[in-house]
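Okay, here's what each chain looks like letter by letter:
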2 protein chains.
Amino acid sequence: MTTIGIVGAGISGLHLGLQLVQAGVPVTIYSPQSGDELAKGRIQNSVAHHAVTIDRERRLGVDHWPVEQYGYDSHHHYFGLPEPIVFRGDFQQRSRAVDYRIYLPTLMADFENRGGRLEVRPVDVADLEALSEHHDLLVAAAGKYSLGEFFGHSPRRDPLPGPLRRLEVGFWTGIAENDPKGVSIAASPGHGDLLEIPMHSFDGHVTALLFENVPGGELERLVDWKVDEDPEGFRSFVLDVLRRHYPLTYARVDESEFGLARPGDQMQGQFTPVLRNDFKQLGNGRYVLAMGDAHSTLDPIVGQGANSASYSAQVVGDTILEDQSFDLRFMEKVALRRRERVEAAWDWSNLMAGPPPQHLLQLVGAMAQDQALLDEFTWNFNFPVAQWDILATPERVAAAIARSQAR
Amino acid sequence: MTTIGIVGAGISGLHLGLQLVQAGVPVTIYSPQSGDELAKGRIQNSVAHHAVTIDRERRLGVDHWPVEQYGYDSHHHYFGLPEPIVFRGDFQQRSRAVDYRIYLPTLMADFENRGGRLEVRPVDVADLEALSEHHDLLVAAAGKYSLGEFFGHSPRRDPLPGPLRRLEVGFWTGIAENDPKGVSIAASPGHGDLLEIPMHSFDGHVTALLFENVPGGELERLVDWKVDEDPEGFRSFVLDVLRRHYPLTYARVDESEFGLARPGDQMQGQFTPVLRNDFKQLGNGRYVLAMGDAHSTLDPIVGQGANSASYSAQVVGDTILEDQSFDLRFMEKVALRRRERVEAAWDWSNLMAGPPPQHLLQLVGAMAQDQALLDEFTWNFNFPVAQWDILATPERVAAAIARSQAR
């Protein structure tokens, strides 16, 4: 009987584990933390799941947060130019954001309750060969513990020289919701962007503020502030940043209620997005497959990381259910099948997090006056390939604008 | 308005043209011959269309030869060993073979009647640049006139040193059908294989005999015989070959009726199968996309050429309907999307036409005793990827045999 080992209990590891359990394939997930430990820990991210991912959750039987109650409808865009630009794109189906300290432990419990085996232990590169002997296939689905670096950068893209943005994310109370309920995407040119995300957390609705700060700009202080040492000063500074850079969010702040949802509900950091090789052969001849953060990491500016990881898990799961010979051919099949979407998400995220090229500004200008084009861009948060079809070159942006105007 | 130019009116050119016409995209097919000229010419091949291709024909509205009447059900295998092996695999849905002198002109007429533009003129490499200026996208779908060589051999596979088989195919009368109606696949080890195919031609049912002769073997005489100079001697030699090498076909011959369906209804030749690059940029910066025989040619031993070309046409058509920017990204999308199936058909055809490796003989031995495995192999004539999943390595063959025995 085929058995699969998955290193990592993030969204890709859990979605793959749940798909395999559903199909009756024995599977073990190795996680450095238990669900309880995760639930008590720091926030993990502020990611939204888009409709294609929620569809996958329905098929896996883990859609515990129906979009009717937990979802949102729109992207509220703000560009802080001398003459500010404000417009709103609507989704065809709702997206949804749930605190991963709730989401991941819930899916870990689902996985175990359905017969999956969860083993709480860290796994590092040195452990892979021994572990590979216990399973027909070993999948590395965690970027931590040097597992990601093990696979090496893919020759299909040039490595980035460093982080595109420096990040600070916190879960806050005291911010009234957008109407219609949605994510705010606000640009403060030269300084950074703010993503304001309606999030379900332990005490119900909170607002995630993800500050995507340009390296070297004045908003880097958000990332370097020692929050635990001076939480009140930090709160004041965030308010000040909102007032000066992100006024439409600030306008919805009730200062008497404004604060982190729980002490420590924030995270600071930066990383260089990578696209890694799809697999690597071990000394014993077996292959380890990379998935999720072990395969590619994305700047969160367009919220694609979790959605891309879940997609990748489905490609891996579908291919396992089709073909149980885990040789070079299997690895190359997976690589080929997920390449287009994974690379489009990587390219798109890097474009949006880097210095904006002229054609991106042209698209923004066109979208401000073309609701169909704007809604297409919004809905394409589900479809990175279609989004990159629009954005990949100046000629493609011009063609998309012309096509929309001709409709 | 986007316009597409297709060079070549074989199955891939016509299927793509018909899909585009169906979607309202202006398209011109360039063919060196009119439908009438094709109908009066030499036979083109003896190819069968499998269910996946016939499904595509239904969607294109060109399924003029319903499988209930024209199709067949089975593969009758014969291995001429000292102790002959005989077994039969059944399809889940019928395949069908129609004389391309009927098939192609009929689809050419469909194409024109639905608004497609057919221009009868030869197109060679020197014409591509001028032609590319007349269309948004130019697709080369013909292997003749050096168009294929233009693209160059794909670095993804080593070139073959020469033809794997030397071919002679004729349409014959006087051979009773198999029961159930089907293709006979008969091996005369060391000499070659005979594919006997129930074919619909001008006067109704005929039997295509495709002799796949091993280079250097005694059956090469079939390929070198000057048939027009000595048709009666050729007929006698064919009968003699059937008697000595392919006795199960010979047993169904009525010698008083046996003969070519029409004078000249045969073809001799050989070629080296190639896998070429997917596209090439012209001096004017535009790209030409390769499809069908311009992209890859297959030894006909497992009848995949037309089915692979039709599949490729659908990938190209779907991608055109999704994305009208015909730049490098478009070309790479097409290449990525069709790669797995096109390469599997190429690999599988070459395995079957080359000297049989031990693991192929093991599979044959296992299929002789395992009807489920045999029917899976037969049905997989629709699914080259699944077939290559079984055949790609000795380990995969062993796994497929073990898996079937465990069912």
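Residues numbered from 1 in each chain as written. Chains lettered and ligands numbered in written order. Predicted model: local features only at pLDDT ≥ 70, side-chain atom pairs only at ≥ 80, totals over all residues. Heavy atoms only, no water.

This part covers the overall build of chain A. Regarding its fold elements, chain A presents 16 helices and 14 strands. Expected size for 407 residues packed as a compact globule is a radius of gyration near 22 Å; at 21 Å, chain A falls within 12% of this value. Seen along its three principal axes, the alpha-carbon backbone of chain A occupies a region of about 65 × 50 × 40 Å. Burial analysis of chain A (407 residues in total) assigns 60% to the buried set. Within the structure as shown, chain A displays about 15,700 Å² of accessible surface, and the carbon and sulfur contribution to it stands at 51%. With 37 positive and 55 negative side-chain charges, chain A shows a separation of 3 Å between the mean positions of the two kinds. (Helix = DSSP H or I, 4+ residues; strand = E, 2+ residues; numbered from the N terminus. Rg over C-alpha atoms; globule rule 2.2 N^0.38 Å. Buried < 20%, exposed > 50% of the residue type's maximum accessible area, 1.4 Å probe, protein only. Areas by Shrake-Rupley, 256 points an atom, 1.4 Å probe, with all protein chains shown as cover. Lys, Arg positive; Asp, Glu negative; His and termini not counted. Charge placed at Lys NZ, Arg CZ, Asp CG, Glu CD.)

All names here are of chain B. Burial along strand S6 (residues 137-140) is two-sided: the face carrying Leu137 and Val139 and the face carrying Leu138 and Ala140 are both buried. One ladder, built from four bridges, connects strand S1 (residues 4-7) with S6; its direction is parallel. Bridging across to S6, Ile4 finds its partner in Leu137. By the bridge criterion, three bridges tie S6 to strand S14 (residues 287-290) in an arrangement that is parallel. Bridge assignment links Val139 to a residue of S14, and that residue is Leu289. (Pairing = 2+ DSSP bridges.)

In this section: the environment of Phe150(B). Residues and elements named next belong to chain B. Among the secondary structure elements, Phe150 is positioned in helix H7 (residues 147-151). Sequence spacing of Phe150 and Glu255 is 105 residues, and the spatial spacing of their C-alpha atoms is 47 Å. When neighbours within four sequence positions are excluded, Phe150 is seen to be in contact with Val125, Leu128, Lys280, Leu282 and Val288. (Contact = heavy atoms within 4.5 Å.)

Residues and elements named next belong to chain A. According to the domain assignment, chain A contains domain 1 (4-48 + 99-161 + 272-353), domain 2 (166-270) and domain 3 (358-406). Of the roughly 990 Å² buried between domain 1 and domain 3 on both sides combined, carbon and sulfur atoms contribute 79%. At the junction of domain 1 with domain 3, the criterion picks out zero salt bridges. Taken together, the connections running from domain 1 to domain 3 amount to two residue pairs in polar contact (both at pLDDT 80 or more). A per-class count over the side of domain 1 that touches domain 3 returns six nonpolar, one polar and three charged. (Domains from an automatic or database assignment. Buried area = accessible area lost by both parts, 1.4 Å probe. Salt bridge = Lys/Arg side-chain N within 4 Å of Asp/Glu carboxyl O. Polar contact = N/O pair within 3.5 Å; in protein donor to acceptor, adjacent residues only side chain to side chain. Nonpolar A, V, L, I, M, F, W, Y, C, P; charged D, E, K, R; others polar.)

Residues and elements named next belong to chain A. Two elements in contact, helix H1 (residues 11-22) and helix H3 (residues 51-60), have axes whose closest approach is 10 Å; the angle formed by their N-to-C orientations is 35°. Crossing angle aside, the handedness with which H1 passes H3 is left-handed. Of the residues in H3, those touching H1 at Ile11, His15, Leu18, Gln19 and Gln22 are Thr53, Arg56, Glu57, Arg59 and Leu60. Across the contact of H1 with H3, the residue classes tally to three nonpolar, four polar and three charged. (Axes fitted to C-alpha atoms, helices over the stretch in contact; angles between N-to-C directions. Left-handed = near helix turned anticlockwise from the far one by under 90°.)

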